[in-house]
Amino acid sequence: MTTAEKVRSRPSARAKKAAMKKEPTMAELADRHALYQESVQNSEFELDFIDDTFKELTGRTAVSMREDFCGTAISSVEWVERRDDNTAIGVDFDSEVLGWGEKHNASRLKPAQRERLTLLEEDVLEVTTDKVDVIQAYNFSYWFFQERKTMLDYFRRTREALVDDGILFLDVFGGSECYQTQKEKRKLDGFKYIWEQAEFNAVTNELKCHIHFHFPDKSKLKKAFSYTWRVWGAKELQEILSEAGFSEAIIYRQKFDDKTDEALDEYIATEEAEDYACWLGYIVARR
Ligand SMILES: C[S@@+](CC[C@H](N)C(=O)[O-])C[C@H]1O[C@@H](n2cnc3c(N)ncnc32)[C@H](O)[C@@H]1O
């Protein structure tokens, strides 16, 4: 190679600089809390369910709500936006996620609305709050509790924090797929959501799960969130709620289309179920 050819084959200073200045991937630019809210949560639907069920069971409209394991507190923020007298208390022991919720969700509230929202950085097993109409603990977060006595303690504490006709709303899932490792993918606007049940202990019912996000540029946000849960049965949770003093614990099971077997966004109070591979539901526990 002549000297001229050598010079020509050398990358220009600009190309070198561009190659060195690697553009960030979509995963590097992503915000895991924003992706979580978009893919996992549907606060509007959940609050509608709480509103309708509370009205049906008590004959009045719920005003005060506590959101346990609130994370980004999106549900609490939407609750205070719903009605001018609604109040919400969000409880989470992680300052990072609470800070994110303050910055990205609570900040949109008008001053008068913000006054009706309290965010507490506390453990739900220790927190003491004013009595409320509704406590919600969603996205199976109470399944972090592995021991029956811890679950009983949690239910006793929530019952104490409810007014006389107050209601605890929990979510629950069941079916054979809970007890196995598996991956489920869902395509959303601009990214893919992957739910992975990575390990299941068939003796203790301990389930290790992860949420991953994949992007069109092939970059991945692996283990954006990880949880270790105990898979609790709906029946045993009803029994523990009863032991904690709740007068009734009603199971609302997701409905399935009779013809296609497709899961519907409709929940009915029933303890009847076929051997569904996976069903979602709520437990509505009346104080
Ligand atoms: C899966 S997120 C749930 C977020 C939201 N509730 C939802 O429906 O998607 C679980 C949250 O529970 C919080 N958490 C776990 N154990 C807790 C405890 N003992 N006390 C308070 N917060 C807890 C975590 O910090 C995390 O933000």
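Before any of the text, the structure's been laid out above.
Description of the structure in this document. The shown structure was predicted, so the numbers you read here are calculated from the model rather than taken from an experiment.

**What about the site of the ligand?**
Here is step 1: Close contacts around the ligand come from 16 residues, with Tyr36, Phe69, Asp92, Val124 and Asn139 the closest.
Here is step 2: One nitrogen or oxygen atom from the main chain of Phe69 is found 2.7 Å from a nitrogen atom belonging to the ligand.
Here is step 3: The backbone of Phe93 places a nitrogen or oxygen atom 3.2 Å from a nitrogen atom of the ligand.
Here is step 4: In isolation the ligand exposes 600 Å². Once the protein is present, 90% of that is buried.
Here is step 5: Across the shell around the ligand, the residue classes break down as eight nonpolar, four polar and four charged.

**Remarks on helix α5 (residues 43–58)**
Here is step 1: Its 16 residues place the ends of α5 22 Å apart at the C-alpha level, agreeing with the 22 Å of an ideal helix rising 1.5 Å per residue.
Here is step 2: Where α5 is concerned, the buried positions are Ser43, Glu46, Leu47, Phe49, Ile50, Asp51, Thr53, Phe54 and Leu57.
Here is step 3: Directly after α5, the chain includes Gly59, whose backbone phi takes a positive value near 80°.

**Structural notes on the sheet that holds strand β1 (residues 64–68)**
Here is step 1: A sheet is described by the order of its strands in space; here eight strands give the open sequence β3-β2-β1-β4-β5-β12-β10-β11, paired in mixed fashion. Bordering the open sheet on either side are β3 (117–121) and β11 (263–269), each of which pairs with just one other strand. Between one strand axis and the next, the sheet turns through 20° on average, direction left out of account.
Here is step 2: With four bridges connecting them, strand β10 (residues 248–256) and β11 associate as antiparallel partners. For Tyr252, the partnering residue across the bridge sits in β11 and is Ala269.
Here is step 3: Where helix α7 (residues 95–104) meets the sheet, its contacts fall on β2 (87–92) and β3, and the angle it forms with β3 comes to roughly 160°.
Here is step 4: The strands touched by helix α10 (residues 234–243) are β5 (162–174), β10 and β12 (279–286); relative to β12, the strand with the most contacts, the crossing angle is about 10°.

Rules behind the numbers
- Residues numbered from 1 in each chain as written.
- Predicted model: local features only at pLDDT ≥ 70, side-chain atom pairs only at ≥ 80, totals over all residues.
- Heavy atoms only, no water.
- Near = heavy atom within 4 Å.
- Polar contact = N/O pair within 3.5 Å; in protein donor to acceptor, adjacent residues only side chain to side chain.
- Areas by Shrake-Rupley, 256 points an atom, 1.4 Å probe, with all protein chains shown as cover.
- Nonpolar A, V, L, I, M, F, W, Y, C, P; charged D, E, K, R; others polar.
- Helix = DSSP H or I, 4+ residues; strand = E, 2+ residues; numbered from the N terminus.
- Expected span 1.5 Å × (residues − 1).
- Buried < 20%, exposed > 50% of the residue type's maximum accessible area, 1.4 Å probe, protein only.
- Pairing = 2+ DSSP bridges.
- Axes fitted to C-alpha atoms, helices over the stretch in contact; angles between N-to-C directions.
- Contact = heavy atoms within 4.5 Å.

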